[in-house]
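An overview of the molecular structure
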Amino acid sequence: MTQTSIIVTGGAGFIGANFVRQWIAHESATLINLDKLTYAGNPENLRPLKDSPAHVFAHGDIGNRELVRHLLERHGPRAIVHFAAESHVDRSVHGPTEFVQTNIVGTFALLEETRLWWEKHAPSKREEFRFVHVSTDEVFGSLGPNDPPFNESTPFAPNSPYAASKAAADHLVRAYHHTYGLPTLIVNCSNNYGPFQFPEKLIPLMILNAVDGKPLPVYGDGMYVRDWIHVEDHCEAIDAVLIGGKPGEVYNIGAENERPNLDVVHEILRHTGRDPSLIRYVPDRPGHDRRYAMNARKIREELGWKPRHGFERGLADTVTWYLQNQTWCQRVRSSAYRDYYERQYGARLRQQGGDAT
Ligand code: NAD
Ligand code: TYD
């Protein structure tokens, strides 16, 4: 066992792929990427690594305990960074089953196999090991307009099946540290944006629709607030936690970029040279959280991390990325994507007297 490799789960998705690419660019250790390749997992995101000996792709489910056991025994990682999840709130409203299966049962399977493997090692090796669980600000629920941002002690109050499944996973990860001593760390991050994000989430969906001159479906009054962070800043924060974080601790990650959705949509219209008449106010998401905001003082002060990307520039660069990667955009909008789009937006847009296409 070399103890130099790491296992990443969900490394073919949006944040995972950015993390994997960043890791391979800077580190010599082998990275084993365990991904089920759901609709959100895309090998295209990892194309430049196709022939890299530093990247080992393992196609499979985190809930497959035999596979997880095999990977642990074969590669003897010094850390696991756990991104794999069902990640979209709207999908969790339509069908929560997969969210419970992957985010809760899958995380449990990964933790349990990791613990059984980890317990076989000598204390010094056990101490060095790290399990970083990548979670979300959505576990904390919704803020009022004048509430202070979420901190690491804010009580959990998840409101969507997605948020509830992530909160459950966070509790399991915490319990594995407190009960068994597994060196786990949890990061809770705000909304990410940047290259490779699947166009079901606000920013890429609005960019691609604007480019195509299609309606931009804004939920409710559009005054819901999200706190945006560039995906590369999130990945660097995870790296900082992996290197310097204290086992058992939670770190909130955010970049202090609170924006109402409508402001973001108008910025995208400006960057794509489209007219605001494309905006359609559509019926709201059920249980829609009004505002998220993160207090990231702990990671800034204790680990010296800070974001590098400003939101205005980061968003402009993201628009450029989607414009320059049209083949990627066309491929991800497969027939399965069109089915999803019709289910999520068809009736909503038609209700506004508009064309859903
Ligand atoms: P994503 O949906 O783009 O990617 C998820 C990846 O996990 C995909 O590659 C998918 O194939 C894989 N996957 C799903 N189920 C799996 C399973 N059972 N076994 C193995 N692989 C599986 O998600 P993302 O936006 O990159 O988010 C990654 C993580 O970060 C998630 O845990 C999410 O909750 C968390 N997070 C996301 C955001 C955000 O704004 N996107 C913010 C904070 C935290
Ligand atoms: P989303 O990207 O789904 O992230 P999350 O719900 O996890 O924060 O949505 C971000 C915000 O944008 C949220 O307030 C919902 C809103 N939204 C729309 O108004 N229209 C859309 O088509 C989508 C996908 C999101």
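Before any of the text, the structure's been laid out above.
Parameters at a glance
Residues numbered from 1 in each chain as written. Chains lettered and ligands numbered in written order. Predicted model: local features only at pLDDT ≥ 70, side-chain atom pairs only at ≥ 80, totals over all residues. Heavy atoms only, no water. Helix = DSSP H or I, 4+ residues; strand = E, 2+ residues; numbered from the N terminus. Contact = heavy atoms within 4.5 Å. Polar contact = N/O pair within 3.5 Å; in protein donor to acceptor, adjacent residues only side chain to side chain. Near = heavy atom within 4 Å. Areas by Shrake-Rupley, 256 points an atom, 1.4 Å probe, with all protein chains shown as cover. Phe/Tyr/Trp six-rings, centres within 6.5 Å; stacked < 30°, edge-to-face > 60°. Lys NZ or Arg CZ within 6 Å of the ring centre and 35° of its normal. Pairing = 2+ DSSP bridges. Axes fitted to C-alpha atoms, helices over the stretch in contact; angles between N-to-C directions. Parallel < 35°, antiparallel > 145°, perpendicular 65-115°, else oblique. Left-handed = near helix turned anticlockwise from the far one by under 90°. Nonpolar A, V, L, I, M, F, W, Y, C, P; charged D, E, K, R; others polar.

**Side note on the environment of Asn33**
Mapped onto the secondary structure, Asn33 falls in strand E2 (residues 31–35). Residues Asn33 and Thr9, spaced 24 residues apart in sequence, show a C-alpha to C-alpha distance of 5.8 Å. In contact with Asn33, not counting residues within four places along its chain, are Val8, Gly10, Gly11, Ala12, Val20, Leu46, His55, Val56, Phe57 and Ala58. Only 3.2 Å separates the side chain of Asn33 from the side chain of His55, close enough to count as a polar contact.

**Remarks on the site of ligand 1**
Neighbouring ligand 1 are 28 residues, the closest being Ile15, Asp35, Ser87, Tyr162 and Lys166. Separating a nitrogen atom of ligand 1 from a backbone N or O atom of Lys36 is a distance of 3.0 Å. The contact in question runs from an oxygen atom of ligand 1 to an N or O atom on the side chain of Lys166, over 2.6 Å. Out of a free accessible area of 830 Å², ligand 1 has 97% covered by protein chains.

**Notes on the packing of aromatic side chains**
This structure, assessed with the given rule, holds 19 aromatic pairs. A centroid spacing of 4.9 Å and a plane angle of 55° characterise the contact between Tyr176 and Tyr180, whose relative ring orientation is tilted. Linking Tyr176 with Tyr180, this pair stays in helix H6 (residues 161–180), spanning 4 residues, or about one helical turn. These aromatic residues form a ring-pair network of at least three members: Tyr39, Phe198, Tyr219, Tyr337, Tyr341 and Tyr345. When the ring centre of Trp118 is taken as reference, the NZ or CZ atom of Arg126 above it lies at 5.7 Å. Sitting above the plane of the Tyr224 ring, Arg290 keeps its charged end 4.4 Å from the centroid.

**Some thoughts on the sheet that holds strand E9 (residues 225–230)**
Sheets are built from strands paired through backbone hydrogen bonds, the pairs being either parallel or antiparallel. Taken together, 3 strands build an open sheet; the order of strands is E7-E9-E11 and the sheet is mixed. In this open sheet, the two edge strands, each paired with only one partner strand, are strand E7 (191–193) and strand E11 (258–260). The sheet shows a mean angle of 50° between the axes of neighbouring strands, taken without regard to direction. Along the sheet face, helix H8 (residues 231–244) touches E7 and E9 and points at about 70° away from the line of E9.

**Here we look at the packing of helix H4 (residues 97–118) against H6**
Viewed as axis vectors pointing N to C, H4 and H6 meet at an angle of 15°, and their least axial separation amounts to 8 Å. As summarised for this structure, H4 and H6 are arranged roughly parallel, according to the angle between their axes. Along this stretch, H4 crosses H6, giving a crossing that reads as right-handed. Listed contacts from H6 to Phe99, Asn103, Ile104, Thr107, Phe108, Leu111, Glu112, Arg115 and Trp118 of H4 are Tyr162, Ser165, Lys166, Ala168, Ala169, Leu172, Val173, Tyr176 and Tyr180. Looking at the contact of H4 with H6 residue by residue, the classes come out as 12 nonpolar, 3 polar and 3 charged.

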